[in-house]
Amino acid sequence: MRIRKLSEGTVNRIAAGEVIERPASVVKELVENAIDAGATQIDVAFRGGGKSLIRVTDDGSGMGPDDLALAVERHATSKLAEDDLIDIRYLGFRGEALPSIGSVSRLAITSRPRGGGEAHVIAVEGGQLMVLRPAALAQGTEIDVKDLFFATPARLKFLKADRTETAEAAEVVRRMALSHPDTGFSFVTEERRLVDVPKGDTEEARILRIMGAEFMENAVPFDLEREGVRVRGRAGLPTWSRNNGAQQYMFVNGRSVRDKLISGAIRGAYADLMPGGRYPALVLFLDCPPGRVDVNVHPAKAEVRFRDGGLVRGLIVAAIRDGLGGKRAPDTGLSRQTVSSFRPVMPRGFGHRGFDEQDVQTALAMDMPPAAMPAVVEVSQPSYPLGQARAQIHDNYILAQTADGFVLVDQHAAHERLVYERLKRERSQRGIETQPLLVPEVVDLDPVGVERLAAASDLLSKGGLVLEPFGEGAVIIREVPAAIGKADIPGIVRDVADELSELGVSTSIEDHINHVLATMACHHSVRSGRRLRPEEMNALLREMEATPNSGQCNHGRPTFIELKLADIEKLFGRR
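Attention now goes to the overall build of the protein chain. Broken down by element type, the protein chain carries 17 helices and 23 strands. Taken over 575 residues, the protein chain has a buried fraction of 51%. In the form shown here, the protein chain has an accessible surface area of approximately 27,000 Å², with 50% of it arising from carbon and sulfur atoms.

It is worth spelling out the confidence of the model for the protein chain at this point. Across the protein chain, pLDDT averages 81, with 80% of residues at or above 70. In this model, residues 327–355 is a region of pLDDT below 50 whose contacts with residues beyond four sequence positions or in other chains number 68 contacts.

A few words on helix α12 (residues 447–455). For the α-helix, the turn length of 3.6 residues means that residues three or four positions removed from each other point alike. Listed as buried for α12 are Gly 449, Val 450 and Leu 453. For α12, the angular spread of the buried residues around the axis is 100°, confining them to a single face. In α12, the exposed positions angled more than 90 degrees off the buried face are occupied by Pro 447, Glu 451 and Ala 455.

Moving on: the nonpolar core. Judged by nonpolar contacts, the single largest core of 54 residues is most densely connected at Val 27, Val 31, Ile 109, Val 145, Phe 185, Phe 215 and Val 283. When near neighbours in sequence (up to four residues on either side) are disregarded, Val 283 contacts Leu 178, Ile 207, Met 211, Phe 215, Phe 222, Arg 232, Gly 233, Arg 234, Tyr 249 and Phe 251. One finds Val 257, Val 295, Leu 315 and Ile 320 within the second-largest nonpolar core, a separate group that totals 33 residues.

Moving on: the environment of Met 130. Assignment of secondary structure puts Met 130 in the loop between β5 (128–129) and β6 (133–135). For Met 130, a relative accessible area of 32% puts it in the partly exposed group. Sequence separation of Met 130 and Ala 108 is 22 residues, and the distance between their C-alpha atoms is 9.4 Å. Setting aside residues no more than four positions away along its own chain, Met 130 makes contact with Ile 122, Ala 123 and Glu 125.

Here we take up the sheet that holds strand β18 (residues 397–402). Across the sheet, 4 strands lie side by side as β17-β18-β19-β23; this open sheet has antiparallel pairing. Each edge of the open sheet carries a strand with a single partner, namely β17 (388–393) and β23 (560–564). Averaged over all neighbouring strand pairs, the angle between strand axes comes to 25°, with direction disregarded. With 6 bridges joining them, β18 and strand β19 (residues 405–410) adopt antiparallel strand pairing. Residue pairing across strands places Ala 400 opposite Val 407, the latter belonging to β19. Against the sheet, helix α11 (residues 411–429) makes contact with β17, β18 and β19, and its axis sits at roughly 70° relative to β19, the strand it touches most.

Here Thr 189 is to be found in the loop between β8 (184–188) and β9 (193–197). A distance of 3.2 Å separates a polar side-chain atom of Thr 189 from the backbone nitrogen of Glu 191.

Below, the discussion takes up the packing of helix α2 (residues 23–36) against helix α5 (residues 162–179). At their nearest, the axes of α2 and α5 sit 8 Å apart, and the two run at 25° to each other. As summarised for this structure, α2 and α5 are arranged roughly parallel, according to the angle between their axes. As for how α2 packs across α5, the hand of that crossing is right-handed. In contact with Pro 23, Ala 24, Val 27, Lys 28, Val 31, Glu 32 and Ile 35 of α2, α5 contributes Glu 165, Glu 168, Ala 169, Val 172, Val 173 and Met 176. In terms of residue class, the contact of α2 with α5 is built from 9 nonpolar, no polar and 4 charged.

Here strand β7 (residues 140–146) lies mainly inside the structure; 5 of its 7 residues are buried. The pairing of strand β2 (residues 53–58) with β7 spans 6 bridges and is classified as antiparallel. Paired with Asp 58 across the strands is Thr 141, a residue of β7. Across 7 bridges, strand β3 (residues 106–112) lies against β7 in antiparallel orientation. Bridging from a neighbouring strand, Arg 112 pairs with Gly 140 of β7.

A few words now on the sheet that holds strand β10 (residues 219–226). Spatial ordering of the open sheet is given by β10-β11-β14-β12-β13, a layout of 5 strands whose pairing is mixed. Edge strands, defined here as strands with exactly one partner in the open sheet, are β10 and β13 (255–257). Between one strand axis and the next, the sheet turns by 20° as a mean value, whatever way the strands run. Pairing of strand β11 (residues 229–236) with strand β14 (residues 282–287) involves 6 bridges; the strand directions are antiparallel. Paired with Ala 235 across the two strands is Leu 282, which belongs to β14.

Applying the stated criterion across every chain, the model contains 3 aromatic pairs. Where Phe 46 meets Phe 187, the ring centres are 5.3 Å apart and the plane angle is 35°; that geometry is what we call tilted. In this pair, Phe 46 is assigned in strand β1 (residues 41–47) and Phe 187 in strand β8, connecting sequence segments 141 residues apart. Of the two residues examined, Phe 46 and Phe 187, each falls in the buried class. Judged by centre distance (6.1 Å) and plane angle (55°), the ring pair of Phe 215 and Trp 240 falls under tilted. Residue Phe 215 is located in helix α7 (residues 213–217), and its partner Trp 240 is located in the loop between β11 and β12 (248–252); the two are separated by 25 residues in the primary sequence. Across this residue pair, the class does not change: Phe 215 and Trp 240 are buried.

Procedures and definitions
Residues numbered from 1 in each chain as written. Predicted model: local features only at pLDDT ≥ 70, side-chain atom pairs only at ≥ 80, totals over all residues. Heavy atoms only, no water. Helix = DSSP H or I, 4+ residues; strand = E, 2+ residues; numbered from the N terminus. Buried < 20%, exposed > 50% of the residue type's maximum accessible area, 1.4 Å probe, protein only. Areas by Shrake-Rupley, 256 points an atom, 1.4 Å probe, with all protein chains shown as cover. pLDDT = per-residue confidence, 0-100. Contact = heavy atoms within 4.5 Å. Arc of directions from axis to C-beta. Core = buried A, V, L, I, M, F, W, Y, C linked by side-chain atoms within 4.5 Å. Pairing = 2+ DSSP bridges. Axes fitted to C-alpha atoms, helices over the stretch in contact; angles between N-to-C directions. Polar contact = N/O pair within 3.5 Å; in protein donor to acceptor, adjacent residues only side chain to side chain. Parallel < 35°, antiparallel > 145°, perpendicular 65-115°, else oblique. Left-handed = near helix turned anticlockwise from the far one by under 90°. Nonpolar A, V, L, I, M, F, W, Y, C, P; charged D, E, K, R; others polar. Phe/Tyr/Trp six-rings, centres within 6.5 Å; stacked < 30°, edge-to-face > 60°.

If you want it as structure tokens, here you go:
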């Protein structure tokens, strides 16, 4: 078969297959054009799951008859200055959307230029251009897309149920609304109005409208700038996580993206704060000079490529961690039906009150023999954010009285986080302080485990664990981190060998080391069932107040919950 040049209609339908994947793709392209036109109000009508009708109306700058005729031609655009594909300052720029939509549907564009002139309409049906004629329209542009994919009926078989396609299109508008708070948006179906936000919102007000009050109550702001790149937004608390990433909204220069580098950076920021299989809710805005990001790497412009990906990743991780670092308060995780008054505690100002080195050593060591203690501890009036210890319950939970309620602390989870953060802090500042073992300990393992540990010996030494192979089925431990003291060394080594098999080669060295440190911290932390003396309990509370991320253990579970006095009074009918 000889090579031949494809017809214009076939070329347009191929382009439509890349750009117009489903009705939501049509909504995305048309709304982006409206935003680029300077619209302050954009209204979307959606019928029959987008197959019957998609209508997008805006009050933007509009177009005259000459521009209308060019708008439906392939690769005709007003958004590229001198064919520059680097300095892109608009959401749309390829000039493919309208001709691609017109090749697979019945498209009609009515527009009137701002500042005068008459309105005109142009239509394209299945790639066939209709005559341009005068029309009636007060201002802006109105685009009707009817009978989507009528020219390519095979595509209809791949669409999902009408409700699913409608929800996907509404989500596109929600994302656009998040990144453009100064613009009003509406999305209306046959049954109801799914999106309705007014123009002139602040960024915070728009996030509240789209994400809801519960998200705002369980999210912290972050804002960091470095070398001309700025990252800002709101990050959900680790204990307010989701079972998928649907509540992660990422924007680059106002463009909604689903980018692997940004998603990976978000995972990295939450790496030791959230259990596996859970995802944070988050709104992230990244602003950078157009020349430092390539948005022309994906047909639907859903992915981008940064000139300096390392800078962007590091900035995102640092910004989110800085935002989360001041919050130690987890969700209680309790059923609302059980105790509706239990809620996350958001103490402010943790870390402002000093504590002496003896408190730190007492909180971190806790390796003295168990001591008998009274059921109730008599202390003075509490004056700390986490109060002062009153009792230990079931040899696992510390009950502390605060100025306006009480706090219940999981001693194992809390101590695990404290040890982990200390190990990380030591490693970042001066390297982890190690303690040579007077009598090196031999740990029996299977040959595969020995091989894994031997291969990772340099990495483990950075985590303070110095070991070497000892025959075919054992390793010998010569040094351990001083912070873990008399921990279960064989248990640590076996768990580290298992961790190395699960992490794989794709995990960064930093993540490897952090996993090793988390494993060691878990083994060293004070165990459930261990009775603590009053000074040990109070030392643990003081250290929690000064330690970042102390609201969650290394596995993402909460370390403490708080009940306010007002809520206690409600439970007993006093309020």
